[in-house]
There are 2 protein chains.
Amino acid sequence: MLNQKANVHGGDIHCASKIYGIKKAEFLDYSANINPLGLPEDLRELLISNIDDLMNYPDPECMDLKADISSYLGVESDSIIIGNGASEIIFLLFDVLRPGKVLIPAPSFSEYSHAASSFGIEVEYFELRETEGFKLDIHRLIKHISDDINVIFLCNPNNPTSVLTSKEDLRYLLNYAKSKGIAVIIDEAFIELTLGANENSMMDDLRKYVNLFIIRAFTKLYAIPGLRLGYGVGNPDLIKKMWERKMPWSVNSFACGIGSVLSDKTGYLNRTALWLEEELKWFYNELMQLDGFKIFKPNTNFVLMKILNEKLNSGKLKDLMAAKGILIRDACNFNFLNDRFVRVAIKDRENNIKFLKTFKEIISEE
Amino acid sequence: MLNQKANVHGGDIHCASKIYGIKKAEFLDYSANINPLGLPEDLRELLISNIDDLMNYPDPECMDLKADISSYLGVESDSIIIGNGASEIIFLLFDVLRPGKVLIPAPSFSEYSHAASSFGIEVEYFELRETEGFKLDIHRLIKHISDDINVIFLCNPNNPTSVLTSKEDLRYLLNYAKSKGIAVIIDEAFIELTLGANENSMMDDLRKYVNLFIIRAFTKLYAIPGLRLGYGVGNPDLIKKMWERKMPWSVNSFACGIGSVLSDKTGYLNRTALWLEEELKWFYNELMQLDGFKIFKPNTNFVLMKILNEKLNSGKLKDLMAAKGILIRDACNFNFLNDRFVRVAIKDRENNIKFLKTFKEIISEE
């Protein structure tokens, strides 16, 4: 079971450490897509100064945190639900909505179908085509929607393809879905790590589309996957049902206490934007120079790559890189992908250079 | 909804702060039953030194933590499941077991029935009688078990009564339940805060009773309700199903990283035992001196009290104490209790003296 689970997602350095015999701290983790600027300093200080809060139960309503998110996004507090990572939001959504059938454009993050299946909800996949660069063709999607679909679940920008769908396209889908009574859930876990950040978000459309629900997380942007903090924004009726259904205190008090970081007094978001603008282009161009790979143009901090060299496959490439201390994501278990695909994070220049050096060494030996 | 939820449990200083206009840090919280020795120093240091772990996903299998618990309790790692507080363990149990009907001796912790109900599982209560000092009469319980009961869920020592059931009685129940194919779940959240601590636990009986499941938490003993760390110990088949059903990464990396505290290099457990032995007796004797109250003899770090003065009720007493900066638990919403009952924590001598002084002032004015 251990290995089976470990293969499901990227970012499992715990298992990797045991498998490859390398200490956790010595891995360079290109399998998890985390802001390489790392834990913001003001967030670190906040965590240390909040340690004594552990001696109280966390606020089950996360009132302060909701107020901070409300200010950050310009949405009402009663349209926000806080969760133990985006995972809890995904599970809660299916638990409350209990749709007969959900449509998921794929390849995409496997937790959507995992959560749906755990409630016995049928999942249908809509294939994003490699020939279309894995772009979401909204018109083809709409044609594909059968009468038994109650929910459409998509990720924007999408994981693992790094493709961003435009707001115009999403509005077109939302209008159609609204007319059919279909809920549209958009996981914007990486939206703040696109060029333009919140400008690419559908957050301002929430008032117009009662059928829209948006998932966010602190995870990627603030480099804190270990803290477990995600949230959802949607219509207050649904949000209320989710709060009622939620396990009490599922959000720990460290997580409850970091809302003030959203006000960004230290310019972390700006530094992130500058890094992203520079490195997204540079790293993509460097990858494009490699022989034997097809590179899909990234819109966020990771890149989907296709292995063209027939002697190599995703598992082998992962193993070879891991043996050199660099973890990458074998993308073979995403729907509609296979052992030709890997996903790699984009980090800071220094590490990206290390990555490229090791990567080139390995592929030159194959 | 906010107030409704706030009333369900003790320990909600966030809501209390808003209701009574007193800062969170200024409350003396006798409504939550937390070890008054507070966060152990070695645990505080561990948390600070582990902050950088936040930048990795938590270990979804909590392997290191399971190994530490395995050493601490002398049970196999594959019989342990880790959860986001005991709450996640309770929810997972019902989710996996899906019994037709569960029998809960009551009054008891309301999350058992909350979790059961959220899966549509029928709950039947077995009344613990005030006339019997709320002791669990095993023979009466067994007579009460109808054929449609699949699970018995109890808390030992029980919350809010502070009554400990003997191992002999529990073995008698387990033998009967085993013969009938009934699972017995024992929440030992407070067992390490009884005189004798783990000696009162049914942990060593797990090998003998395949129908026994034990719930534990770090919460009360280490004074870290904000961290969210509980666990369950049971037969490996059930444990495996629970791991498969569990949300990934629900246990944050701070929680995953504190297992070494169980080896107790600083003597925290011994200091806790010394405090408990002294204060349990002293505080009980002091409470027994009060006019107008019936005090139920406590076996762990809280006391159930009955108000005999007819001019007073639990809500009024709670409000009067809160206005003076001390929170107590209005126990009126526990099954089979009413507005005559309150529950108060036992803390260190200095605070217990403060509590008693304020309490006496208030009741003398009524």
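Residues numbered from 1 in each chain as written. Chains lettered and ligands numbered in written order. Predicted model: local features only at pLDDT ≥ 70, side-chain atom pairs only at ≥ 80, totals over all residues. Heavy atoms only, no water.

A. Up close: the overall build of chain A. A count of helical and extended segments in chain A gives 13 helices and 13 strands. Taking 2.2 N^0.38 as the reference for a compact globule, 366 residues should give roughly 21 Å; the C-alpha atoms of chain A span a radius of gyration of 20 Å, in line with that estimate. Each principal axis of the C-alpha atoms in chain A carries an extent, and together these give about 60 × 55 × 40 Å. Across the 366 residues that make up chain A, the buried fraction comes to 61%. Looking at chain A alone, contacts between residues at least 24 apart form 71% of all its contacts between residues at least 6 apart. (Helix = DSSP H or I, 4+ residues; strand = E, 2+ residues; numbered from the N terminus. Rg over C-alpha atoms; globule rule 2.2 N^0.38 Å. Buried < 20%, exposed > 50% of the residue type's maximum accessible area, 1.4 Å probe, protein only. Contact = heavy atoms within 4.5 Å.)

B. Highlighting helix H5 (residues 85-97) of chain A. The terminal C-alpha atoms of H5(A) lie 19 Å apart, and with 13 residues this matches the ideal 18 Å at 1.5 Å per residue to within 8%. Of all the residues in H5(A), the buried ones are Gly85(A), Ala86(A), Ser87(A), Glu88(A), Ile89(A), Ile90(A), Phe91(A), Leu92(A), Leu93(A), Phe94(A) and Asp95(A). (Expected span 1.5 Å × (residues − 1).)

C. Broad picture of the relation of the copies chain A and chain B. With an axial shift of 0.0 Å and an RMSD of 0.0 Å, the rotation relating chain A to chain B amounts to 180°. Interpreted geometrically, this transformation is the action of a two-fold axis. Residues of chain A ranked by C-alpha distance from the rotation axis are headed by Ile48(A), positioned 3.3 Å from it. Residue by residue, 100% of the interface of chain A is reproduced at the interface of chain B, so both copies engage with the same surface. (Least-squares fit on C-alpha atoms with pLDDT ≥ 70 in both.)

D. Broad picture of the interface of chain A and chain B. Taken together, the contacts link 59 residues of chain A with 59 residues of chain B. Buried area between chain A and chain B, summed over both chains or domains, comes out near 5,300 Å², and the portion from carbon and sulfur atoms is 64%. Between chain A and chain B we count 5 salt bridges in total. In this structure, the salt-bridge partner of Asp64(B) is Lys24(A), at a minimum N-O distance of 3.5 Å. Going through the elements one at a time, helix H1 (2-6), helix H2 (13-20), helix H3 (41-49), helix H4 (63-73), H5, helix H6 (111-118), helix H9 (236-245) and helix H10 (253-256) of chain A are the ones with two or more residues in the side of chain A that touches chain B. Of the residues in the side of chain A that touches chain B, the class split is 28 nonpolar, 14 polar and 17 charged. (Buried area = accessible area lost by both parts, 1.4 Å probe. Salt bridge = Lys/Arg side-chain N within 4 Å of Asp/Glu carboxyl O. Nonpolar A, V, L, I, M, F, W, Y, C, P; charged D, E, K, R; others polar.)

E. Representation of the packing of helix H11 (residues 268-288) of chain B against helix H13 (residues 349-365) of chain B within the structure. Residue and element names in this part refer to chain B. Interaxial distance between H11 and H13 falls to 11 Å at its minimum, and their mutual angle equals 10°. Viewed along their axes, H11 and H13 adopt a mutual orientation that is roughly parallel. Across the interface between the two elements, Glu-278, Glu-279, Trp-282, Phe-283, Glu-286 and Leu-287 from H11 touch Arg-349, Asn-352, Ile-353, Phe-355, Leu-356 and Lys-360 from H13. By residue class, the composition of the contact of H11 with H13 is 6 nonpolar, 1 polar and 5 charged. (Axes fitted to C-alpha atoms, helices over the stretch in contact; angles between N-to-C directions. Parallel < 35°, antiparallel > 145°, perpendicular 65-115°, else oblique.)

F. Geometry of the pairing of strand E5 (residues 151-155) of chain B. Residues and elements named next belong to chain B. Among the 5 residues in E5, 5 count as buried, and that is most of the element. Here E5 shows two buried faces, one formed by Val-151, Phe-153 and Cys-155 and the other by Ile-152 and Leu-154. Of the strand pairs in this sheet, strand E3 (residues 101-106) and E5 are connected by 2 bridges, and their pairing is parallel. Looking across to E5, one finds that Val-102 is bridged to Val-151. Relative to strand E6 (residues 183-187), E5 is paired through 5 bridges, and the arrangement is parallel. By the bridge assignment for E6, Leu-154 is matched with Ile-186. With respect to chirality, the unit in which E5 leads through helix H8 (residues 167-180) into the neighbouring parallel E6 is right-handed. (Pairing = 2+ DSSP bridges. Right-handed = clockwise from strand over helix to strand, strands pointing away.)

G. Geometry of the sheet that holds strand E9 (residues 293-295) of chain A. All names here are of chain A. Spatial strand order, E9-E10-E13-E12: 4 strands in an open sheet with antiparallel pairing. Strands at the two margins of the open sheet, each flanked by one partner only, are E9 and strand E12 (329-330). Pairing of strand E10 (residues 302-307) with strand E13 (residues 341-345), which is carried by 5 bridges, proceeds in the antiparallel orientation. Looking across to E13, one finds that Leu-304 is bridged to Arg-343.

H. Inspection of the sheet that holds strand E3 (residues 101-106) of chain A at higher detail. All names here are of chain A. Pairing is mixed in the open sheet, where 7 strands are placed in the order E2-E8-E7-E6-E5-E3-E4. In this open sheet, the two strands that pair with only one neighbour each are strand E2 (80-83) and strand E4 (122-127). In this sheet, neighbouring strand axes are inclined to one another by 20° on average, regardless of whether the strands run parallel or antiparallel. The strands touched by H4 within the sheet are E2, strand E7 (212-217) and strand E8 (230-233), with E2 carrying the most contacts at an inclination of about 125°. In the packing of H9 onto the sheet, the strands contacted are E2, E7 and E8, and the crossing angle to E2 comes to about 30°.

I. Summary view of the confidence of the model for chain A. The share of residues in chain A with pLDDT of 70 or more is 98%, and the mean pLDDT across the chain is 95. Between residues 1-6 of chain A, whose pLDDT stays under 50, and residues either more than four places distant or in other chains, the model counts 14 contacts. (pLDDT = per-residue confidence, 0-100.)

J. Representation of the packing of aromatic side chains. Tallied over the full model, the rule gives 33 aromatic pairs over all chains. Ring geometry for Phe293(A) and Phe359(A): centres 5.2 Å apart, planes at 50°, overall tilted. Here Phe359(A) lies in helix H13 (residues 349-365) and Phe293(A) lies in strand E9, a separation of 66 residues in the sequence. Classification of Phe293(A) as buried rests on a relative accessible area of 9%. Ring centres of Phe218(B) and Tyr231(B) lie 5.8 Å apart, and the angle between their planes is 65°; on these two criteria the pair is classed as edge-to-face. Of this pair, Phe218(B) sits in the loop between strand E7 (212-217) and strand E8 (230-233) while Tyr231(B) sits in strand E8; the two residues are 13 residues apart in sequence, bridging distant segments of the chain. (Phe/Tyr/Trp six-rings, centres within 6.5 Å; stacked < 30°, edge-to-face > 60°.)

K. Seen up close, the nonpolar core. Phe218(A), Leu317(A), Phe355(A), Phe218(B), Leu317(B) and Phe355(B) are the most contacted members of the largest nonpolar core, which totals 249 residues. If we skip the residues at most four places from it in the chain, Phe218(A) touches Leu65(A), Ile69(A), Ala223(A), Ile224(A), Leu229(A), Tyr231(A), Ile258(A), Val261(A) and Leu262(A). (Core = buried A, V, L, I, M, F, W, Y, C linked by side-chain atoms within 4.5 Å.)

L. Representation of the packing of helix H5 (residues 85-97) of chain B against helix H6 (residues 111-118) of chain B in the model. Residue and element names in this part refer to chain B. Where H5 meets H6, the axes come as close as 9 Å, and the angle between the chain directions of the two elements is 40°. One element, H5, and the other, H6, form an angle in the oblique class. Considering how the two elements wind past one another, H5 and H6 form a crossing that is right-handed. Where H5 abuts H6, its residues Ile-90, Phe-91 and Phe-94 lie against Glu-111, Tyr-112, His-114, Ala-115, Ala-116 and Ser-118. The residue makeup of the contact of H5 with H6, split by class, is 6 nonpolar, 2 polar and 1 charged. (Left-handed = near helix turned anticlockwise from the far one by under 90°.)

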